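Structural overview
As a plain string of letters, each chain reads:
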Amino acid sequence: MPVLLIVLDLGGTFVFAISGAMVAVRHRLDVFGVLVLAFAAGNAGGITRDLLIGAVPPAAIADWKYSGVSALAGLATFFWYPVTKKVANDVLWFDAVGLAFFAVAGAQKALAHGIDPTMAALLGMLTGIGGGMLRDVLVSGIPTVLRADLYALAALAGAAVVVSAHLLHLHPMVAAAAGGGVCFALRFMAIRHGWRLPTARPAPTVAPDAPHHPHHDEGN
Amino acid sequence: MPVLLIVLDLGGTFVFAISGAMVAVRHRLDVFGVLVLAFAAGNAGGITRDLLIGAVPPAAIADWKYSGVSALAGLATFFWYPVTKKVANDVLWFDAVGLAFFAVAGAQKALAHGIDPTMAALLGMLTGIGGGMLRDVLVSGIPTVLRADLYALAALAGAAVVVSAHLLHLHPMVAAAAGGGVCFALRFMAIRHGWRLPTARPAPTVAPDAPHHPHHDEGN
Amino acid sequence: MPVLLIVLDLGGTFVFAISGAMVAVRHRLDVFGVLVLAFAAGNAGGITRDLLIGAVPPAAIADWKYSGVSALAGLATFFWYPVTKKVANDVLWFDAVGLAFFAVAGAQKALAHGIDPTMAALLGMLTGIGGGMLRDVLVSGIPTVLRADLYALAALAGAAVVVSAHLLHLHPMVAAAAGGGVCFALRFMAIRHGWRLPTARPAPTVAPDAPHHPHHDEGN
């Protein structure tokens, strides 16, 4: 696997693992629960991608560096939560960086495995959103990705840029920088300036027998 | 892959994607959240089946038609929700059709991959219930399949008919029609006429420390 | 697959399937919902392990014995719930036995597939905690593994003992007994004597916009 891909993958794993660990600490899980959630958030996206493109055992299983990085992120968050919290300010920002890394790495690895361009872009998105979805499902929340503004779209846009650059035979490094930048920029505008996608107009009432959750506050 | 299988698979994907999108609109997700839930509901069952029988990359990843059909269903539901709602009347009916398509397609693909008959029937069931389960877990509900009457049983019955027809060397088309018919008929009787399976007699009280959900209303 | 591995795997499947069925009965699912949850709890860990090490189709899919054992456990629990309840006293104990069986079997199968020692220990842990996690997510709870004391750690310790014994060329039977014993002993001390891991000190308040669950009672 090329070095660029490993760096992106491990970088994404690290920041997502921190986001997972922060959610775990907030829910007052013990140190091992924190490590499990760090690993889940950091690696579920990449593992899903690898299973889907047939790259087994997945990198996160075959290579101890992924669990090492996740454990490091988990322990750092656990022992220096106030510091991590101050540095990270908000899980959202870490999540945004991880999203950019993973969207790019996911698209590039899918392309390298001969997946066609459209699906490679979607796999990039899936790689990006998988870890955060599992993190939220494990603590019984509706995944942020399904509520947060421009979340999946940012991942898809970043991955699409990577795929387009690949079709134009640009250098993978350039593709990664452009794709990651687009992804992060979209999340930045969404978090800072409230950019968002429309929801369906006819304010639907949740049917009383529908499977629903007690608090579905408007707009994430 | 034979044409019949593709038609069943894409048909099931379409109706499940609509059911996923309707749930997403009800929870007021944005347009991309609607697309993600449409894809998840429409393809999780088939992707799980393909991973389990070793057919990687799964059809839904290798072939853009699956995501295309899911996106179409998602957008149609999003933009014409009142129309979709009137046509669909209830997610339940769409779900029932999708269940029948997937139970049949799942069993036939498993047989085609040399899985033994009993497990092929169970894989048909799993294909049928996978998408709906992921849809419900993602919006934090207890999956309909675990509560709704005759749900998994209908899928299993349909898949078992397909497997039996296969063992009797009947034409796959006949097997598909019979299996799909049985599955839908069972769901029809359950939804319309309240057919249901018994729950355990000794009304158990939920232990206070048990992982539970605030509302577990009787009978789905 | 060696006999020892099959016995451990089927034993773990049986007790986890009972724990899944008991949770299903408590949530008043119908008989088929009980069977589905029994299968999910009994086999999710092993299926995940097999997918990750590239052993497809997974044993639980290729071999009808796994679903047979799960169905048996599910039906026994459904029809004799009061008896099962008296014998089992608490899902926790069954869960502990299943955890020990699966942690050992997971580590041994991973080693047999040439996974490196560190990752084999982690895969043993994952095999152990996978079924219980899916069981709890399906009924919308935060997985016990993320709250219960020494849960994932017990699985990891057991798996690590198995891996160490393997590196020391001890007999697999000895490794299994030692690893399973360590895992169960740790859970025993946690359940009976309240051994637990620390949670992060700075009592963090759950941010109002964070995805959370209404009841997050202290200490499972």
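Residues numbered from 1 in each chain as written. Chains lettered and ligands numbered in written order. Predicted model: local features only at pLDDT ≥ 70, side-chain atom pairs only at ≥ 80, totals over all residues. Heavy atoms only, no water.

**Description of the overall build of chain A**
- For chain A, the helix and strand inventory stands at 10 helices and 0 strands.
- The order of helices and strands in chain A, counted from the N terminus, is α-α-α-α-α-α-α-α-α-α.
- Residues counted as buried form 59% of the 220 residues belonging to chain A.
- Put simply, of all contacts in chain A between residues at least 6 apart along the chain, 77% involve residues at least 24 apart.
- Accessible surface, chain A as shown: approximately 8,100 Å² in total, 70% of it carbon and sulfur. (Helix = DSSP H or I, 4+ residues; strand = E, 2+ residues; numbered from the N terminus. Buried < 20%, exposed > 50% of the residue type's maximum accessible area, 1.4 Å probe, protein only. Contact = heavy atoms within 4.5 Å. Areas by Shrake-Rupley, 256 points an atom, 1.4 Å probe, with all protein chains shown as cover.)

**Topic: the UniProt feature "transmembrane region" (unreviewed entry) in chain A**
Residue and element names in this part refer to chain A.
- As annotated by UniProt and renumbered to match this structure, "transmembrane region" (unreviewed entry) occupies residues 6-25, 32-52, 64-83, 90-107, 119-138, 150-168 and 174-191.
- In this annotation, residues 6-25 is assigned 100% helix and 0% strand; the end-to-end C-alpha distance for the span is 28 Å.
- Helix makes up 100% of residues 174-191 and strand makes up 0%, while its end C-alpha atoms are separated by 26 Å. (UniProt positions renumbered as here; feature names shortened; annotations may be inferred.)

**What to know about helix 10 (residues 172-193) of chain A**
Residue and element names in this part refer to chain A.
- In this model, helix 10 (22 residues) spans 31 Å end to end at C-alpha, consistent with the 32 Å of a helix rising 1.5 Å per residue.
- Every buried residue of helix 10 is listed here: A175, A176, G179, G180, C183, L186, R187 and A190. Taken end-on, helix 10 shows its buried residues confined to a sector of 125°, consistent with a single buried face. Facing away from the buried surface of helix 10 by more than 90 degrees, the exposed residues are A177, R192 and H193. (Expected span 1.5 Å × (residues − 1). Arc of directions from axis to C-beta.)

**Describing a nonpolar patch on the surface**
- Taken together, L75, F79, W80 and V83 of chain A make up a surface patch of nonpolar side chains, about 420 Å² in accessible area.
- Looking at the secondary structure, you find V83 of chain A in helix 5 (residues 81-88). (Patch = residues over 30% accessible without salt bridge, like charges linked within 9 Å, V, L, I, M, F, W, Y side chains within 5 Å. Salt bridge = Lys/Arg side-chain N within 4 Å of Asp/Glu carboxyl O.)

**Describing unusual backbone geometry**
- Between V56 of chain B and P57 of chain B the backbone carries a cis peptide bond, its omega angle lying at -10°.
- You can see P57 of chain B is positioned in the loop between helix 2 (31-52) and helix 3 (59-62).
- The backbone phi angle of R28 of chain C is positive, close to 60°, even though this residue is not glycine.
- In this structure, H169 of chain C is a non-glycine residue whose phi angle is positive, near 60°.
- If you trace the backbone, H169 of chain C turns up in the loop between helix 8 (151-167) and helix 9 (172-193).

**Examining the side chain of T13 of chain A**
Residue and element names in this part refer to chain A.
- Residue placement: T13 occurs in helix 1 (residues 3-26).
- On the basis of relative accessibility, which here comes to 1%, the residue T13 falls in the buried class.
- Excluding residues that lie within four positions of it along the chain, T13 makes contacts with G42, N43, Y66, V69, S70 and F102.

**Some points on the pattern of salt bridges**
- Enumeration according to the criterion identifies 15 salt bridges over all chains in this entry.
- Here R135 of chain B makes a salt bridge to D136 of chain B, at a shortest N to O gap of 2.9 Å.
- The class of R135 of chain B is buried, set by a relative accessible area of 3%.
- Between D50 of chain C and K109 of chain C there is a salt bridge, with its nearest N and O atoms 3.1 Å apart. Of this pair, D50 of chain C sits in helix 2 (residues 31-52) while K109 of chain C sits in helix 6 (residues 91-112); the two residues are 59 residues apart in sequence, bridging distant segments of the chain.
- Judged by its relative accessible area of 0%, D50 of chain C falls in the buried class.
- One continuous salt-bridge network, built from bridges that share partners, spans D9, R49, D50 and K109 of chain A.

**Thoughts on helix 1 of chain A**
- An ideal rise of 1.5 Å per residue puts 34 Å on 24 residues; helix 1 of chain A measures up with 35 Å between its terminal C-alpha atoms.
- One or two steps after helix 1 of chain A, the chain reaches R28 of chain A, where phi turns positive at roughly 60°.

**With respect to the packing of helix 7 (residues 117-138) of chain C against helix 8 of chain C**
Residue and element names in this part refer to chain C.
- Packing of helix 7 against helix 8 brings their axes to within 8 Å, and their N-to-C directions diverge by 140°. In terms of axis orientation, helix 7 runs oblique to helix 8. For the pair helix 7 and helix 8, the sense of crossing is right-handed. The residues of helix 8 that touch helix 7, namely those facing P117, A120, A121, L122, G124, M125 and I129, are Y151, A152, A155, L156, A159, A160, V163 and L167.
- A class-by-class count of the residues in the contact of helix 7 with helix 8 yields 14 nonpolar, 1 polar and no charged. (Axes fitted to C-alpha atoms, helices over the stretch in contact; angles between N-to-C directions. Parallel < 35°, antiparallel > 145°, perpendicular 65-115°, else oblique. Left-handed = near helix turned anticlockwise from the far one by under 90°. Nonpolar A, V, L, I, M, F, W, Y, C, P; charged D, E, K, R; others polar.)

**A look at the confidence of the model for chain A**
- Taken over all residues, the pLDDT of chain A has a mean of 83, while the share at 70 or more is 86%.
- Helix 9 (residues 151-167) of chain A holds the highest mean pLDDT among the elements of chain A, 93, whereas helix 5 of chain A holds the lowest, 69. (pLDDT = per-residue confidence, 0-100.)

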